[in-house]
Amino acid sequence: MNPPVLDLKNLSRVIQSDGQPRAVVDDISYHFHRERVYTIIGPSGAGKSSLLRLVNRLDEPTSGEVFFHGKAHCDYRPCELRQKIGYLFQTPHLFEGTIRDNLLYANKELSDDEVKSLVEQAQIKSSLIDRPTDRFSVGEKQRVAIARLLATRPEVVLLDEPTSALDPSYTEAIEELIKQIVDREDLTAIVVTHNPQQALRIGQEALLMVDGKLIEHGEVTEVINNPQTELGRLYKERRLK
Amino acid sequence: MTTPGFLEVAISLVLVVIAIVIARYWRIPVEKDMALGSVRAFAQLVAVGYALEFIFDLESPWLIILALVIMIVVGAHAASGRVKGIRRPFVITVSAMAVGSFVTIGVMVLARIISFEARYIIPLGGMIIGNSMNASALTADRLSSDLRSQRLAIESALALGKGWRVASAKFIRNSATAGMMSMLNFMKTVGIVALPGAMTGMILAGAEPLDAVLLQIIVAYMLLSAVTITSIMAVELTVRRFFTRCHQLQHDV
């Protein structure tokens, strides 16, 4: 197998919750290899999004380190790192202006053809490129956010519940879009989802998190259908809150 | 017009009584505030009057600076009470007000537009510090509120590899504008909608209107400078509290 693109070593983040310290990410170590799709599953409050934020360095770990191509996060300039490790938020936020403005905001060196190509990749009608985005539906906005995510030419994309704010009719289309883009661009994707079925549809590997800890990991079908731990079985039976 | 004495002030209390009677008739529950406010205004202003006479007589530059420092500290304390969501906002308001006020007064003194005498520095300093106080409070409060409520917008930009300054540029602009807005509105309407205090005071004291106008123009420019410097300082000191060196937005500030 090719060398890991991302390496998490004993990663922890402790926050103050109601005056008490709480580990939202608790001593997680894992290798993420190139061109694979990983899904992070687990109940609400398991620390899935907190883990993604540490990988994008939107938050700082309390202990442990993240390595990108073998080099520690802190050895990169944060802005340079975040262009290589893109982050898609659960609720898309578009900046004022048109789709083109949003893509050029992410990367001002994009040519006209590159803007068109990104818009096509995100399956947005090219006639909308110069249309203000303020009246778009959440689904359309998420497509623009995906095109904008690709504008910085990332190697890894972190997708934080990318369909949870969408209408069910849009979910399938966005899932399909994510799969196509990851295949075509040879990206490594880490997708947070609270839905095991979605993990099965789009992921190759799965990481099950509970209370900030990594409980199970491996091939997605094994983790979801054949869990080896008590917590894994409880999650499968939907008895974990 | 005669120079008013304590008797005239006592007679003018009839206006306070009229205001209280009107408020009571309309059942607006402010009679106590009005009565207390009138007594406080009397006590504070008389005290200031004696203090100014004392300072004017001494003509000590250190005393002038001390008076300005006290005014800034008291003003910054009042301004910090209006800034929500930041720990120890006094550090921000006092620094912003001190830089805005001293730079402006310093330029005017060095350019020999005003001389460094208590009778000029103290009243002009009071106007400058009063306006800086509002500017620092409005700017810091607006920026703190925007940076908290617009977390998704800011982190969307940070996640694309933008630095904290770019990610928060819109909110920096909006808050600095908010801090300067009342001054800009004053500049637009001055002399048309209302005659400003310094000019009115000079005319009432018997100065020629044109002399009063020229001084008022200088005062307006001084206030503009002080408010602008204070707002920018307040923005810089506030925004840096919210971001780490690694361009991360933090809320525990």
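Residues numbered from 1 in each chain as written. Chains lettered and ligands numbered in written order. Predicted model: local features only at pLDDT ≥ 70, side-chain atom pairs only at ≥ 80, totals over all residues. Heavy atoms only, no water.

Draft legend 1. Summary view of the packing of aromatic side chains. Tallied over the entire structure, the rule returns nine aromatic pairs over all chains. Ring geometry for Phe6 of chain B and Phe42 of chain B: centres 6.3 Å apart, planes at 65 degrees, overall edge-to-face. Separated by 36 residues along the polypeptide, Phe6 of chain B in helix H1 (residues 6-25) and Phe42 of chain B in helix H2 (residues 31-58) bring together distant segments of the chain. A relative accessible area of 40% means that Phe42 of chain B is categorised as partly exposed. Taken together, the ring pairs connect Tyr30, Phe32 and Tyr38 of chain A into an aromatic cluster. The ring of Phe67 of chain A has Lys9 of chain A lying over it, and the distance from NZ or CZ to the ring centre is 5.0 Å. If you follow Lys162 of chain B out to its NZ or CZ, it ends over the ring of Tyr105 of chain A, 5.1 Å from the centre. (Phe/Tyr/Trp six-rings, centres within 6.5 Å; stacked < 30°, edge-to-face > 60°. Helix = DSSP H or I, 4+ residues; strand = E, 2+ residues; numbered from the N terminus. Buried < 20%, exposed > 50% of the residue type's maximum accessible area, 1.4 Å probe, protein only. Lys NZ or Arg CZ within 6 Å of the ring centre and 35° of its normal.)

Draft legend 2. Fine view of the environment of Ala35 of chain B. All names here are of chain B. By the element assignment, Ala35 lies in helix H2. Looking at Ala35, the relative accessible area reads 33%, which means it is partly exposed. Expressed as a C-alpha distance, the spacing of Ala35 and Ile20, which sit 15 residues apart in the sequence, is 7.7 Å.

Draft legend 3. Inspection of the packing of helix H3 (residues 61-80) of chain B against helix H4 (residues 89-110) of chain B at higher detail. All names here are of chain B. Two elements in contact, H3 and H4, have axes whose closest approach is 8 Å; the angle formed by their N-to-C orientations is 140 degrees. With respect to each other, H3 and H4 are oriented oblique. At the point where H3 passes H4, the crossing takes the right-handed sense. Contacts between H3 and H4 involve Leu68, Val69, Ile72, Val73, Gly75, Ala76, His77, Ala79 and Ser80 from the former and Pro89, Phe90, Thr93, Val94, Met97, Ala98, Ser101, Phe102 and Ile105 from the latter. (Axes fitted to C-alpha atoms, helices over the stretch in contact; angles between N-to-C directions. Parallel < 35°, antiparallel > 145°, perpendicular 65-115°, else oblique. Left-handed = near helix turned anticlockwise from the far one by under 90°. Contact = heavy atoms within 4.5 Å.)

Draft legend 4. Summary view of unusual backbone geometry. Residues and elements named next belong to chain B. Unusually for a residue other than glycine, Arg27 sits at a positive phi of about 55 degrees. Counting through the fold element by element, Arg27 comes out in the loop between H1 and H2. In this structure Arg27 comes out as exposed when scored by relative accessible area, which is 75%. The phi angle at Arg112 is positive, at roughly 60 degrees, despite the residue not being glycine. Residue placement: Arg112 occurs in the loop between H4 and helix H5 (118-149).

Draft legend 5. Broad picture of the interface of chain B and chain A. Residue-level contacts link 18 residues of chain B with 20 residues of chain A. Three residues, Ala159, Leu160 and Gln248 of chain B, lead the burial of chain B against chain A; their summed loss comes to 34% of the area buried on that side. In this assembly, chain B and chain A are joined by two salt bridges. Of the charged contacts in the structure, one is a salt bridge between Glu96 of chain A and Lys170 of chain B, with a shortest N-O distance of 3.1 Å. At the boundary of chain B with chain A, the tally comes to eight residue pairs in polar contact (both at pLDDT 80 or more). Broken down by secondary-structure element, the contributors of at least two residues to the side of chain B that touches chain A are helix H6 (151-159) and helix H7 (164-167) of chain B. A per-element tally of the side of chain B that touches chain A places H6 of chain B first, with eight residues. (Buried area = accessible area lost by both parts, 1.4 Å probe. Salt bridge = Lys/Arg side-chain N within 4 Å of Asp/Glu carboxyl O. Polar contact = N/O pair within 3.5 Å; in protein donor to acceptor, adjacent residues only side chain to side chain.)

Draft legend 6. Structural context of the side chain of Asp146 of chain B. Residue position: Asp146 of chain B is located in helix H5. Not counting residues up to four positions away in its chain, the partners in contact with Asp146 of chain B are Phe171 and Asn174 of chain B.

Draft legend 7. Quick peek at the domain arrangement of chain B. Residue and element names in this part refer to chain B. Taken domain by domain, chain B consists of domain 1 (1-58) and domain 2 (61-242). For domain 1 versus domain 2, the distance between C-alpha centres works out to 28 Å. Contacts between the two partners involve six residues from domain 1, matched on the other side by six residues from domain 2. On the surface where domain 1 and domain 2 come into contact, there are zero residue pairs in polar contact (both at pLDDT 80 or more). By residue class, the composition of the side of domain 1 that touches domain 2 is six nonpolar, no polar and no charged. (Domains from an automatic or database assignment. Nonpolar A, V, L, I, M, F, W, Y, C, P; charged D, E, K, R; others polar.)

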